[in-house]
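Spelled out, the chains give:
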4 protein chains.
Amino acid sequence: MHDDLPAGWALTDSGLRREFTFRDFSEAFGFMTRVALEAERRNHHPDWENRWNRVTITLVSHDVGAVTERDHDLAAAIDCLVP
Amino acid sequence: MHDDLPAGWALTDSGLRREFTFRDFSEAFGFMTRVALEAERRNHHPDWENRWNRVTITLVSHDVGAVTERDHDLAAAIDCLVP
Amino acid sequence: MHDDLPAGWALTDSGLRREFTFRDFSEAFGFMTRVALEAERRNHHPDWENRWNRVTITLVSHDVGAVTERDHDLAAAIDCLVP
Amino acid sequence: MHDDLPAGWALTDSGLRREFTFRDFSEAFGFMTRVALEAERRNHHPDWENRWNRVTITLVSHDVGAVTERDHDLAAAIDCLVP
């Protein structure tokens, strides 16, 4: 159904993954806060890591152990939050 | 020394004040988080209020009961955080 | 229906209101972040202000111009987020 | 100098590491926000990851490629932010 990945995202063993790079920690964490709000609203949360200006997000539906529509939808929503 | 206020800021009885309007709550709170980081870094914190997509910030140096260089500097730094 | 206000909250002209005091700005803003997540999840957002270690929250249902069940529910949820 | 690690922290190849578990995402992200404020204040930032209610923090001084006093100090400060 999802032959096309959202631009910038890669399908890995762990899930749908994208790395984001920002100007500094503040811009990175401002983005993370908006992703957190979006995740809580959907009750679908990312696996993610941050190192200063970089944020790596991995999306997978843990309840079914696979990448689902929910992950594709969240990926698209996250892309809209990049400043 | 500060004949000129930073653009968009007004000098009120409470301090240096500016209202910011965003697209939605998420954008407003992402901005607030970045202002919080900047404030903590400087150990100089705003008086502020938020109502969905609006954030009103008032800057004053409470220790001296006046608007000081610190407030002008923080105002300029905050302006850089507007998306 | 709500003869009893949630403990600590007062019914004012602007809505259901409570002031919270924390140890410092960090504790106050950590609390605000959790309230933001809760508000976004419910799509019901507070009017609020912060001054260093104090957070004043006013809850009203702007769409009907009155305090409703949604405000009482959010007030109860917010009370659970106080550290 | 630091024969004793701060309680709960382990010295790994990547740095000083500790995993924190919270009740839910909201509590985890509220903690992360406070850590972010502390990190920005010190201009010393963690490598960290989050998966719903779990936060794993790794501290290392990237400029010298080793665990330093700054990491031990930040670890102690972070421990104080656990709710």
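Since the structure is predicted, the reported quantities are computational estimates derived from the model, not experimental observations. (Residues numbered from 1 in each chain as written. Chains lettered and ligands numbered in written order. Predicted model: local features only at pLDDT ≥ 70, side-chain atom pairs only at ≥ 80, totals over all residues. Heavy atoms only, no water.)

Section: the environment of A:Gly30
Mapped onto the elements of the fold, A:Gly30 is located in helix H1 (residues 25-42). For the pair formed by A:Gly30 and A:Pro83, sequence separation is 53 residues and the distance between their alpha carbons is 9.4 Å. With residues near it in sequence (within four places) discarded, A:Gly30 still touches B:Gly30 and B:Arg34. (Helix = DSSP H or I, 4+ residues; strand = E, 2+ residues; numbered from the N terminus. Contact = heavy atoms within 4.5 Å.)

Quick notes on the interface of chain B and chain A
Contacts between the two partners involve ten residues from chain B and, on the opposite side, ten residues from chain A. At the boundary of chain B with chain A, total buried surface from both sides reaches about 790 Å², with 60% on carbon and sulfur atoms. On the chain B side of the contact with chain A, B:Ser26, B:Arg34 and B:Leu37 bury the most area, a combined 55% of that side's loss. In this structure, the connection of chain B to chain A is made through two salt bridges. Its salt-bridge partner being B:Asp24, residue A:Arg34 comes within 3.9 Å of it at the nearest N-O pair. The interface formed by chain B and chain A holds two residue pairs in polar contact (both at pLDDT 80 or more) in total. Across the side of chain B that touches chain A, the residue classes break down as four nonpolar, three polar and three charged. (Buried area = accessible area lost by both parts, 1.4 Å probe. Salt bridge = Lys/Arg side-chain N within 4 Å of Asp/Glu carboxyl O. Polar contact = N/O pair within 3.5 Å; in protein donor to acceptor, adjacent residues only side chain to side chain. Nonpolar A, V, L, I, M, F, W, Y, C, P; charged D, E, K, R; others polar.)

Some points on the pattern of salt bridges
Residues and elements named next belong to chain A. Overall, the coordinates contain 32 salt bridges over all chains when judged by the stated rule. The residue Glu38 makes a salt bridge to Arg42 at a minimum N-O spacing of 2.6 Å. Note that Glu38 and Arg42 are positioned in helix H1 at a spacing of four residues, about one turn of the helix. Assessed through its relative accessible area of 33%, Arg42 is described here as partly exposed. Via salt bridges that share partners, Glu38, Arg41 and Arg42 belong to a single interconnected network. (Buried < 20%, exposed > 50% of the residue type's maximum accessible area, 1.4 Å probe, protein only.)

Comments concerning unusual backbone geometry
The backbone of A:Asn43 sits at a positive phi, close to 50°, despite the residue not being glycine. The backbone phi angle of B:Trp52 is positive, close to 50°, even though this residue is not glycine.

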